[in-house]
Structures are given as structure tokens and as C-alpha cells.
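A structural walkthrough
Here are the chains, one letter per residue:
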Amino acid sequence: MRIFCGRANPTTGSVEWLEEDEHYDYHQEIARSSYADMLHDKDRNMKYYQGIQAAVSRVKDRGQKALVLDIGTGTGLLSMMAVTAGADFCYAIEVFKPMADAAVKIVEKNGFSDKIKVINKHSTEVTVGPDGDMPCRANILITELFDTELIGEGALPSYEHAHRHLVQENCEAVPHRATIYAQLVESRRMWSWNKLFPIRVQTSHGEQVIVPPSEVEQCPGAPSVYDIQLNQVSPTDFTVLSNVLPMFSVDFSKQVSSSAACHIRQFEPLASGRAQVVLSWWDIEMDPEGKIKCTMAPFWAHSDPKELQWRDHWMQCVYFLPQEEPVIQGSAVFLVAHHDDYCVWYSLQRTSPEKNESIHPGRPVCDCQAHLLWNRPRFGEINDQDRTDQYIQALRTVLKSDSVCLCVSDGSLLSMLAHHLGAEQVSLLLGEPFFTTSLLPWHNLFFWYVRTAVDQHLGPGAVVMPQAASLYALVVEFRDLWRIRSPCGDCEGFDVHIMDDMIKRALDFRESKEAEPHPLWEYPCRGLSEPQQILTFDFRQPVPPQPVRAEGSIELRRPGKSHGVVLWMEYHLTQDSTVSTGLLKPAEDKGDCCWNPHCKQAVYFFSTTLDPSAPLGGSRTVSYTVEFHPHTGDITMDFTLSDTLEDEH
């Protein structure tokens, strides 16, 4: 069955109706999921297996049958571990039907169909009784319902319901306990992701300062957590103000509450400074004794940094205090962790709350609108004074005293910069360009379409800035990111090829075959080629009626695994000034890349990789065909590896 889907085109700005398969959304979810990443997480899998074995043994030692409830079973991996460990029966709950169907097949292929029942329901809909989904309550509860924030996927309500209706009192639970940790820091870099800084402009009348409105200054900000790969933030980018503080724990073997709560920790600051940011992560203990632990701690807080497990499905959290607060070394203050059923947020208290007094301020809500318009990287981009200075220098070369300016970008300050540099009034069309609807680098070509739409209103000799843009490509080897698209095959001794095949089929759908956005400053990689210009777009002219096509090849100059191609845009403000949304400087000798931290780059993953032992000759190439379609604004691409191919990792 085919259905029509409405889609807002981020490049042309038009609404399109496309014919899609009725399961289109399912395929998109599977293609963009973290299932492969989780299956490659050796530390997670091993710790779960050890915890499950210990839980089953404790139940058996009491002379009881081991009856397992596995909520959010996914591939059925944890249920298969439980049966292998000696469980008598498992009820595996999976609400996502395509995943539940895959779990049934995986369980059958591994020979566990007689001891694992896959139930395609939300756990809160599961019934217990003679005619129910489960004949009786389970005595072992296994779950993997966690996100980077721990509770953001509804873990607390699911546990709360399970203890009330699906498992026995004082059941075994894997994991047994979770603990959330926090560390207070001062960081101009991270604070720039949340607040708008004054912007300095050198004019003919001296320095002018664009001061943020008081509404922005006083706004508590957006309530959402900013989850990042904290290991990629340099320790020089922040000053530690507190030790690592255990804020609160949840015992999953007992009744869990999803009600709002707060947890207070008194501490003495390690240094004087401005408290701005709370860095947070969690660990899970798989057994009551806490001997089997899986931690998300960044390297500086990890007990053994050499054993640090890379993972993308669980990262670390950055929270912003509603306002920065001065703290004095050795002068005690109180950090408060608040949470409801899905979210965590933090506040700083200078005095201890009175006994029995509750502190339950509501979630911070943006009331200045800026946090609704700009995401965290966009705040950082606007606060980048070096980037602003580059635009100012470019503006100086094109502005005249009688310039009439039209700025086309979302939430841009270019018009204010132009005003401070003397523009009165359209002889100059400006853009960064930046649009909130853009996901991939070339979606900001919407600027070109707007420029085309206002072409008749541009006077003779009107200047367009940027005057052009170029699409660049670089073949790379990722240190870790390749895992999210790599087949797993065998996971802890269980055959999960069916899952690999399902992801591959999902990736065959149109949008899933395209490049996907990633903030590569968080994901180290090496360039195996030199950056290559693929297409150029001349903004001084309207969008052409005919497609623009480029064919060629990229020579690989460094040995390594070719995991994919990174693509980005470079905007030529003037002939002498270019702003890159990708590489900020040439790759180092070994190919290490420095990426623009304010932008997401596009990654086109290969399903195979070149043999790194192949000789470095001109034949080691990646051939490409890239085409820009002006009617739809789409860029279609195909990159093909040449020479000896082998399965990826």
C-alpha cells in the first residue's frame, strides 16, 4: 500500500506531497536507530550478561523457578541471555512492531522459542492472569529503558507500573540500581551555548557594543538537556568548581515512584568562580552488591580511563543553571537536582532548606523566545566573536553609506551589524545563511531560492553576500562513529544477522540512503584524502532551471579504513573571505580533522571499506556522482569505493 506524505522542503521552502510506502516511518526509525550501536557496546552487553547470570542464580538458590520480565527487549538479546543463564521462561515486551517481529525471528533462529514469548505491547498494557499475556508475575525484572538522561524514555513510569502489576514484591532486578552524578563547572564555552554575549563592532565612530535584551539575560533558558560526547570537550574549556557529587539513586528492585522530587547535596566549592553549568552522567549497578557496574563517566571521572567504552546511545549531559551564580572557595552551597517523570534539571541554593521544606520549582521554561528559535550550537555560533569579525570585515568591503540591506537568515544579527557599519536602508542582500529548518549543510541553499524570489526587487549592481557557496567532500576514517552503521552479526554468542538485515533494508529507503547529519567535533576522524570541491553555487545569479551535475574521483593519500565521505558547505562572503561549516583548517600530517563546532556536517557511510594494506597509488580512489536538482532543491549523490574491498570491521 502506498500513501501520500506532506513534507516541507527545507531547501526550496515549498510543501511537497510524496508517495511513500505505508511503513515509511518505521523504516526511518530503524535506519536512524541506535540498535547497532547498542549491540556493539561490549561493556554494556557483558555487564548485563553478568548481572542476569547472578540474578538467575540467586532465584534458583532460593529453590524458585526463574520467571523473567524483559521490558523493551529490542532484539531479544537480554531474554536469550536469561534463558542461557538458566531462566525457566521469559516474557519479552517490545512495543515497536517491526522490532517485535524481528525479535520473534531472532529468538526462533537461536532456538529459544519454547522459553521466550515476545509480546508486542507497551508494558503498561500487559496483563497478568489465566487469560492474560503472563499467567503469573515475574520474579526477575530486566530492562534497558535508559537514555543519556537516564529517565528521558519513561523509565520511571514503566518501572512504577511493572512493580505494581507485573512483578513480585522484592523481585530481582537487572540493573539493580542507578545513580546520577553531577559536577558543577564554570565554562565560557559551554555557557555560550545558553546565553547571548555582548557583540563588539569596530566602527568609524569607535567600538559599538550590541547588548542582549534584558529578557534574554534574565531568561532561565530551555528546559531540555544538551547531550554530548563530553570526552571530546577539552579540560581547558572549563573550571571544576565541585567534586563529583552523587545526586540520587533509584533502586529498581523495589517500588519506583515517577512523582516529582528533588535531591539536595551540600558541598564546598573547590575554587571561586561563576557557577554556570552542571555536567552529569550516571552508572548502573547490575547486582545488589554493586560489583558489576556500567558507567557513563567521562575520562576525568572514570576509575580506569584506559577501559573507557565508546558509545553513542548513552552519552553525558550538560545542564545550564537558570542564571550564573558566584561561588567562593570553601563556602558551602547546595546543589539541587529536580526531576519529574521524564526530565532532570538543576538549581543552586545558598542556604539549607528548612527541615521538611520541599523545593519543587517547575521546569525552567524559555520566556524570551530566543531559546525556542536557536538551538545550543546556534547560540555558540552567534557568540563566536572571531566568526562575527569575519562577517564584519566582509561587510566593510561591500557596504556603502547609502546601502539598503535585506537580510535573509533566521534569527541573524547581520542586519544589526550592517546598521552599525553605516547602512541606512535593497542594494545589498545579506545572509549567513542560517535557517532553523536546515538539517543537512546544503539545506541552507534556501538563501539562494529567496534571492531568486526577490530578484526583481534588486536594483542594478546590487550586491549579494555571500556571493557563492561550494560543496566540499573528504573521505574519512572514523575512530568510533563507524559502529552505528556496522553490521553486528554475532553478539555475545547470539546470532543477530536478522537485525543487520532489517537495518540494511531500512537503509534502502530513499531518505535513509542519503547522507546524515552529525556534529563531527564530537566524533574524531582522520582524513584519508584532501578536501575536494564538488559543486559551486553562484548566488549572484538566480537558481538555474537545469540540474547541476558533477562527476569525478577523490584520490586517497593516507592509509586507513574508508568509512565514509564527509560533506560540508563553504560560503564565499567575498572573493577574499570564506566561512566554512566543515573543516576549519587543513588536516594534520596524520589526517586528524578540526571541524566547525557550531555546525553539523553530513556523513555518507560506505557499506564496505578499502583494504588499508593496499599500496598508495593513484588507483586508490573514490568515484562520485553528485547532482543538484533545482526544482526540488535536493542533492543526490553516489560515492563508490575502488580497489580491493573488504567487509567493514
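Predicted model only: the values in this text are computed from it and were never measured. (Residues numbered from 1 in each chain as written. Predicted model: local features only at pLDDT ≥ 70, side-chain atom pairs only at ≥ 80, totals over all residues. Heavy atoms only, no water.)

**Some words on the overall build of the protein chain**
- The helix and strand inventory of the protein chain stands at 14 helices and 36 strands.
- Since a compact globule built from 649 residues should have a radius of gyration of about 26 Å, the 27 Å found for the protein chain is in line with a globular shape.
- Expressed as lengths along the three principal axes of its C-alpha atoms, the size of the protein chain is roughly 90 × 65 × 50 Å.
- When the 649 residues of the protein chain are sorted by exposure, 55% land in the buried category.
- Entry remark: accessible area of the protein chain is about 28,100 Å², with carbon and sulfur atoms responsible for 49%.
- The centroid of the 56 positive side-chain charges in the protein chain is displaced by 3 Å from the centroid of its 87 negative side-chain charges. (Helix = DSSP H or I, 4+ residues; strand = E, 2+ residues; numbered from the N terminus. Rg over C-alpha atoms; globule rule 2.2 N^0.38 Å. Buried < 20%, exposed > 50% of the residue type's maximum accessible area, 1.4 Å probe, protein only. Areas by Shrake-Rupley, 256 points an atom, 1.4 Å probe, with all protein chains shown as cover. Lys, Arg positive; Asp, Glu negative; His and termini not counted. Charge placed at Lys NZ, Arg CZ, Asp CG, Glu CD.)

**Focus on the packing of aromatic side chains**
- Inspection of the entire model under this criterion finds 27 aromatic pairs.
- Relative to F628, the ring of W448 has its centre 5.8 Å away and its plane inclined at 20°; by these criteria the two rings are stacked. With W448 in helix α13 (residues 446–453) and F628 in strand β34 (residues 621–629), the pair connects residues that are 180 residues apart, well separated along the chain.
- The exposure class assigned to W448 is buried, which follows from its relative accessible area of 3%.
- An aromatic cluster of at least three residues, connected via ring pairs, comprises F146, Y159, F252, W282 and W314.
- One Lys or Arg, R189, reaches over the ring of W521 and ends 4.6 Å from the middle of that ring. (Phe/Tyr/Trp six-rings, centres within 6.5 Å; stacked < 30°, edge-to-face > 60°. Lys NZ or Arg CZ within 6 Å of the ring centre and 35° of its normal.)

**Some details on the packing of helix α5 (residues 97–109) against helix α14 (residues 497–507)**
- α14 packs onto α5 with a crossing angle of 150° between their chain directions and a minimal axis gap of 9 Å. Considering how the two elements wind past one another, α5 and α14 form a crossing that is right-handed. Together, P98, M99, A102, K105, I106 and K109 of α5 and H497, I498, M499 and M502 of α14 make up the contact between the two elements.
- Class assignment of the residues belonging to the contact of α5 with α14 gives a composition of seven nonpolar, one polar and two charged. (Axes fitted to C-alpha atoms, helices over the stretch in contact; angles between N-to-C directions. Left-handed = near helix turned anticlockwise from the far one by under 90°. Contact = heavy atoms within 4.5 Å. Nonpolar A, V, L, I, M, F, W, Y, C, P; charged D, E, K, R; others polar.)

**Observations concerning the environment of K585**
- Note on placement: K585 falls in the loop between β31 (577–580) and β32 (601–605).
- Separated by 47 residues in sequence, K585 and D538 have C-alpha atoms that sit 24 Å apart.

**Some words on the UniProt feature "domain: Protein arginine N-methyltransferase" (unreviewed entry) in the protein chain**
- In this numbering, the UniProt entry assigns the feature "domain: Protein arginine N-methyltransferase" (unreviewed entry) to residues 176–349 and 468–643.
- Helix makes up 5% of residues 176–349 and strand 46%, whereas the separation of the span's terminal C-alpha atoms amounts to 31 Å. (UniProt positions renumbered as here; feature names shortened; annotations may be inferred.)

**What about the side chain of S412?**
- With respect to the element layout, S412 can be found in the loop between β20 (405–407) and α12 (414–420).
- For S412, the side chain forms a polar contact with the side chain of E432, separated by 2.8 Å.
- When sequence neighbours within four positions are dropped, the list of residues in contact with S412 reads R378, C407 and E432. (Polar contact = N/O pair within 3.5 Å; in protein donor to acceptor, adjacent residues only side chain to side chain.)

**Some thoughts on α13**
- Listed in full, the buried residues belonging to α13 are F447, W448, Y449, V450 and R451.
- Turning to α13, the residues buried within the fold contact β21 (428–430), β22 (463–465), β28 (532–538) and β34.

**Brief notes about empty space enclosed by the protein**
- For the largest cavity, the calculated volume is near 120 Å³.
- Going through the elements one at a time, α10 (376–382), α11 (385–398) and α12 are the ones with two or more residues in the lining of the largest cavity.
- Estimated volume of the second largest cavity: approximately 100 Å³.
- Looking at the second largest cavity, it is lined by 13 residues, and the ones nearest its centre are A222, P223, F320, W345 and P364.
- At the level of secondary structure, the elements contributing two or more residues to the lining of the second largest cavity comprise β17 (316–327) and β19 (344–349).
- Sort the elements by how many residues they give to the lining of the second largest cavity and β17 lands first, with three residues.
- In terms of residue class, the lining of the second largest cavity is built from nine nonpolar, three polar and one charged. (1 Å grid on protein atoms, 1.4 Å probe; cavity = no way out; pocket = protein on both sides within 12 Å on 5 of 7 lines; lining within 4 Å. Points joined across faces, edges and corners; volume = space filled by probe spheres on them.)

**Re the pairing of β17**
- As paired elements, strand β11 (residues 226–228) and β17 share three bridges and run antiparallel to each other. Across the sheet, residue I228 finds its bridge partner in β17, namely Q316.
- By the bridge criterion, seven bridges tie strand β15 (residues 273–285) to β17 in an arrangement that is antiparallel. Residue pairing across strands places R274 opposite P326, the latter belonging to β17. (Pairing = 2+ DSSP bridges.)

**Considerations on the nonpolar core**
- Counting 111 residues, the largest nonpolar core has L69, F146 and Y346 as its most contacted members.
- In terms of residue count, the dominant contributor to this core is β15 (seven residues). (Core = buried A, V, L, I, M, F, W, Y, C linked by side-chain atoms within 4.5 Å.)

**A few points about the sheet that holds strand β14 (residues 261–267)**
- Within the open sheet, the three strands sit side by side as β14-β18-β19. Their pairing is antiparallel. With partners counted over all chains shown, the strands left at the sheet margins are β14 and β19, one partner each. The mean inter-strand angle of the sheet, taken between neighbouring strand axes irrespective of direction, is 20°.
- Sheet analysis places strand β18 (residues 333–339) next to β19, joined by six bridges and oriented antiparallel. By the bridge assignment, F334 is partnered in β19 with Q349.

**Quick word on unusual backbone geometry**
- The peptide bond linking E432 to P433 adopts the cis configuration, its omega dihedral lying at -15°.
- If you trace the backbone, P433 turns up in the loop between β21 and α13.
- In this structure, P466 follows M465 across a cis peptide bond, with omega equal to 5°.
- Structurally, P466 can be placed in the loop between β22 and β23 (468–478).
- Of note in this structure, L150 is not a glycine but carries a positive phi near 80°.
- Positionally, L150 belongs in the loop between β6 (138–143) and α6 (155–165).
- For L150, a relative accessible area of 2% corresponds to the buried category.

**Some points on the environment of V95**
- Among the structural elements, V95 can be located in the loop between β4 (89–93) and α5.
- Taking C-alpha positions, V95 is 9.8 Å from E125, a pair spaced 30 residues apart along the chain.

**Considerations on the sheet that holds strand β5 (residues 116–119)**
- Taken in spatial order, the five strands of this open sheet run β5-β4-β3-β6-β7, and their pairing is parallel. Either end of the sheet is taken by a strand with one partner, and the two such strands are β5 and β7 (167–174). On average, each strand axis in the sheet is inclined to that of its neighbour by 25°, with strand direction left out of account.
- Here β4 pairs with β5 via four bridges, running parallel. Counted as the bridge partner of C90 is I116 from β5.
- The sheet strands contacting helix α3 (residues 42–61) are β6 and β7, and the helix crosses β7 at an angle near 145°.

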